[in-house]
Amino acid sequence: QVQLVESGGGLVQPGGSLRLSCAASGITFIQYIMGWYRQAPGKQRELVADITSAHSTNYADSVKGRFTISRDNAKNTVYLQMNSLKPEDTAVYYCTSEVFRGLMRSGPDYWGQGTQVTVSS
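The residue count restarts for each chain, going from 1 along the sequence in the order it is written. Restriction of local features to residues with pLDDT of at least 70 applies here, the model being predicted, together with a cutoff of 80 or more for giving and counting side-chain atom pairs; totals for whole chains, interfaces and linings are based on all residues. Water and hydrogen atoms play no part in the side-chain values, which are based on all heavy atoms of the structure.

Novice: Provide a residue-level description of the state of the cysteines, including the pertinent values.
Specialist: Note on disulfides: each one is a pair of cysteine sulfur atoms within 2.5 Å. Under the defined criterion, the tally for this structure stands at one disulfide. Across a sulfur-sulfur distance of 2.1 Å, cysteine 22 and cysteine 95 are joined as a disulfide pair. Where cysteine 22 bonds to cysteine 95 through sulfur, the torsion about that S-S bond is close to -80 degrees, and the disulfide is left-handed. Separated by 73 residues along the polypeptide, cysteine 22 in strand S3 (residues 18-25) and cysteine 95 in strand S9 (residues 91-99) bring together distant segments of the chain. The pair formed by cysteine 22 and cysteine 95 is uniform in burial state, with each residue classed as buried. Going along the chain from the N terminus, every DSSP run of H or I of four or more residues is numbered as a helix, and every run of E of two or more is numbered as a strand. Three labels apply to residues, based on accessible area from a 1.4 Å probe with only protein chains included: buried if under 20% of the type maximum, exposed if over 50%, partly exposed otherwise in between.

Novice: Provide a residue-level description of the pairing of strand S11 (residues 115-119), including the pertinent values.
Specialist: Of the two faces of S11, the one holding Thr115, Val117 and Val119 is buried and the one holding Gln116 and Thr118 is not buried anywhere. Two strands are said to pair when DSSP picks up at least two bridges between them. By the bridge criterion, three bridges tie strand S2 (residues 10-12) to S11 in an arrangement that is parallel. Across the sheet, glycine 10 pairs through a bridge with valine 117, a residue of S11. Sheet topology note: the S9/S11 ladder contains three bridges and is antiparallel. By the bridge assignment, tyrosine 93 is partnered in S11 with threonine 115.

Novice: So, the packing of aromatic side chains: which residues are in play, and what are the values?
Specialist: A pair of Phe, Tyr and Trp rings is counted when the ring centres sit within 6.5 Å of each other, with Trp represented by its six-membered ring. The angle between the planes then sorts it: under 30 degrees is stacked, over 60 is edge-to-face, the rest tilted. By the definition in use, this model includes three aromatic pairs. Residues tyrosine 32 and tyrosine 110 carry aromatic rings whose centres are separated by 6.3 Å and whose planes lie at 50 degrees to one another, so their mutual orientation is tilted. Taken as a pair, tyrosine 32 in strand S4 (residues 32-39) and tyrosine 110 in strand S10 (residues 110-111) lie far apart in primary sequence, 78 residues in all. The partly exposed category is assigned to tyrosine 110, whose relative accessible area is 32%. Through a chain of ring-to-ring contacts, the aromatic side chains of Tyr37, Tyr94 and Trp111 assemble into a single cluster.

Novice: Summarise the nonpolar core; cite the residues concerned and give the values.
Specialist: Formed by 29 residues in total, the largest nonpolar core has its most connected members in Met34, Trp36, Leu80, Met82 and Tyr93. Listing elements by their share of this core, those giving two or more residues are S3, S4, strand S5 (46-51), strand S7 (67-72), strand S8 (77-82), S9 and S11. When residues in this core are grouped by element, the largest group, four residues, is from S3. Contacts are assigned to residue pairs that have any heavy atoms within 4.5 Å of one another. Sequence-distant contacts of tyrosine 93, that is, excluding residues within four places in its chain, are made with Glu6, Leu20, Trp36, Tyr37, Arg38, Val48, Phe67, Leu80, Met82, Gly114, Thr115 and Val117. Put simply, a nonpolar core is a bunch of buried Ala, Val, Leu, Ile, Met, Phe, Trp, Tyr and Cys residues held in one set by side-chain atoms that sit within 4.5 Å of each other.

Novice: Quick one: what's the story with the side chain of threonine 77, residue by residue and with numbers?
Specialist: Turning to its location among the elements, threonine 77 is positioned in strand S8. Exposure remark for threonine 77: the relative accessible area of 9% places this residue in the buried category. The definition of a polar contact used here is a pair of N or O atoms within 3.5 Å, where within protein one atom must be able to donate a hydrogen and the other to accept one, and adjacent residues in sequence count solely through side-chain atom pairs. Within the structure, threonine 77 has its side chain in polar contact with the backbone oxygen of lysine 75 (distance 2.8 Å). Beyond its immediate stretch of four places on either side in the chain, threonine 77 contacts Cys22, Ala23, Phe29, Ser70, Arg71 and Asp72.

See below:
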């Protein structure tokens with residue numbers, strides 16, 4: 001049974017920082033691209049960042065320079081360090097895993113339950 005369990009969400013003031021974690025089980029972690037998506041109220045779900053087992057990363061333009069994705073393959077865990085947070089970063093953040101298929105990308109195979117991030121003064 002695949003489980004992706006997120007933690008680290010919460011309420012933070014604009015300009016603040018949060019670190020999300022996602023612990024994966026039930027998958028061979030190094031075979032998966034791990035990612036973070038988010039969905040704000042009334043908006044479509046969007047990719048925030050993803051990372052291969054070789055630590056190649058990809059970011060949405062809106063978070064480049066502020067967010068950093070990383071993974072610990074020994075701990076089956078992926079992280080999202082979020083700095084300089086803005087109110088528009090408010091969303092439910094989902095951890096995802098997508099089996100690595102080389103150049104072919106088909107989107108996440110598994111999703112976590114989500115963790116709320118609220119940026120407000």
